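What follows is each chain in one-letter form.
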Amino acid sequence: MYGTYDDQQHGGRFSEDEVLQSMLRRRHWYAKQDPQRGYHHSFRAKSRWELMRLSLLIVGIECTYATETALVAPILLSIGLPHTLMTMIWATPSIVGLLFAPVIASISDRLRSHWGRRRPVLLVLGLSMLTGMLILPNGRQVARWLGLGGIGWLALITTVGLVMCDFSAETSNGLCRTYAMEVCTIRDQARVLSIMVLTGGVGATMGALFGAIDWNTLGVGGYPGGSDAAVFGANWIVVLVGLLVTLSSFAEIPLPVQETDPLLRPVTQKMLLDEVRRLNEKEALQIMSDEPLEPPGGFREFLRNVLHMPRSMKILCLTQWLSHMSYLTYCLYYTDFVASTVYEGDVRAVFGSPASNRYAEGIRFACLGMALCSFTSSVYSTQIERLIERFSARPVYVVGLLVHSLGMLLMGLFPQKLVVFLCCSLTGIMYATIYSIPFLLISHYHSKNCFNEIDGRYVESGEKRGFGVDVSLMSSMMCLAQLAISMSMGAIIDAVGSSMVITFISSGFMILASFSASCVLFIGL
């Protein structure tokens, strides 16, 4: 049975919190009878420190994003590649992600390991990410050890490192959030996601600051790989610590155990609402084992949700795609823009020459701007819910996008150190916006089971959509945007002859995204 319920009723009706606490107490007591397996933690509230442990891998992932954003373009350009080919190489992780990320997610959903469904996959992806970080900045050394020469082999080895690092980081990002939500109660899920936003900002700031350090003055830049290898080495340590702490934090309840023991199934929002409905409608309580475990959504469900997407989701996906087109245009080329345009450096100049030194100094200064962007994003993310409560979601969403457009325009018109530095704070506001409000809207759609508005009235949907699948669609928009930018932006920069053009293109994309955001369905949010 579901267990006994406290006789705390209001007007003869049970509240959700009363039913939830009773369900969790029953499961916690039951799981604690076998303490060696350690499953009882899934049915209790977590402390802030415990949620931090679950979030520590996100610090490493966001640190990796920041390091890649700052250094991959200069690394590829220093090989001798033109902007056109360099940006095409940036497209390879996106292609791999679009092809294999849904497959890995489906495998994870169905994994029957005694260690759980998420942690084994996270371990493999983490090891791949760590290996990629060793290869990426050390392409020349790896090519020398393998006895290979020429720009072609050097570019191939560097690309392999980039794909291993970037694809593994992106795939781990979603799986880490899924793992954290599955070992937390439904009341702790919002808390752990909020902490992940904050810790992610800390990680991104760390990665940017690693790039801003002059490692040559510390005596580290003289080792093989130079300063780039030193930055990735510091990042490597952060990822390793985050991976070990997160994976050792809490045991997952394996899929076979959930299938055979209903009292060890995590309490979901659907289970809670069904139980509240049964109690308040005075229906007979059913035996939990009579309710089969809902099969996990896989690649087939992903395709079905994409092909039968309601209009509200289409507009939201379009907005997210345009937003990422703008953001990626900025972040993939920002360091090169500052180093070559603002500092007038040359990535292909002879090492140690004035032009080479100016370029290196510009890269470090750009990393400080990216650190400001990450810090601003972390701070602003803590205020988004308050702003929505006061002004509603629509103006917060639209204005959050427009400020980035303004910042990019100012960078292009006034390419001075102070301007390009301070405008990064506006990009931080946009970053926090596109990684919070779209996901909040999806949660809102699913909680109300409403995706359409007809004649000014919100209509309940009769079609079942997977929440996880819709969330993954938002991540897919980033992959599509990176693919589009990588295949086109380099040719545009080479044709114009200056990376300054990226500021105006980024501003234009964000204006389109703001217009699209104004058409999004908000359902009173």
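Please read all numbers here as calculations on a predicted model, not as lab measurements.

Q: So what exactly am I meant to see when it comes to the overall build of the chain here?
A: The number of helices and strands found in the chain is 19 helices and two strands. Here the chain, with 525 residues, has 54% of them falling under the buried criterion. Counting only carbon and sulfur atoms, one obtains 64% of the accessible surface of the chain, whose full area is about 23000 Å².

Q: Looking at this model, I keep getting lost on the nonpolar core. Mind explaining?
A: Across soluble globular proteins, nonpolar side chains show a tendency to be buried alongside one another. Ranked by internal contacts, the top residues of the largest apolar core, which has 128 residues, are Met313, Tyr330 and Tyr334. Per-element accounting of this core gives the leading share, 17 residues, to helix α12 (residues 311–342).

Q: For this particular structure, what's the right way to read a nonpolar patch on the surface?
A: A surface patch of nonpolar side chains, about 370 Å² in accessible area, is lined by Leu409, Leu413, Phe414 and Phe504. Here Phe504 falls in the partly exposed class, since its relative accessible area comes to 35%.

Q: Explain the pattern of salt bridges here, please?
A: For the structure shown, the criterion picks out eight salt bridges. Across the pair Asp109 and Arg118 runs a salt bridge whose closest N-O atoms are separated by 2.8 Å. Accessibility assignment for this pair places Asp109 and Arg118 in one class, buried. For the salt bridge of Asp214 with Arg364, the shortest nitrogen-to-oxygen distance reads 3.9 Å. You can see Asp214 sitting in the loop between α7 (186–212) and α8 (226–247) and its partner Arg364 sitting in helix α13 (residues 354–381), a full 150 residues away along the chain. The exposure class of Asp214 is partly exposed, given its relative accessible area of 25%. Through salt bridges with shared partners, a single ionic network connects Asp109, Arg117, Arg118 and Glu182.

Rules of the game
Residues numbered from 1 in each chain as written. Predicted model: local features only at pLDDT ≥ 70, side-chain atom pairs only at ≥ 80, totals over all residues. Heavy atoms only, no water. Helix = DSSP H or I, 4+ residues; strand = E, 2+ residues; numbered from the N terminus. Buried < 20%, exposed > 50% of the residue type's maximum accessible area, 1.4 Å probe, protein only. Areas by Shrake-Rupley, 256 points an atom, 1.4 Å probe, with all protein chains shown as cover. Core = buried A, V, L, I, M, F, W, Y, C linked by side-chain atoms within 4.5 Å. Patch = residues over 30% accessible without salt bridge, like charges linked within 9 Å, V, L, I, M, F, W, Y side chains within 5 Å. Salt bridge = Lys/Arg side-chain N within 4 Å of Asp/Glu carboxyl O.

From the geometry alone we can't say anything about function, so treat these as descriptive.
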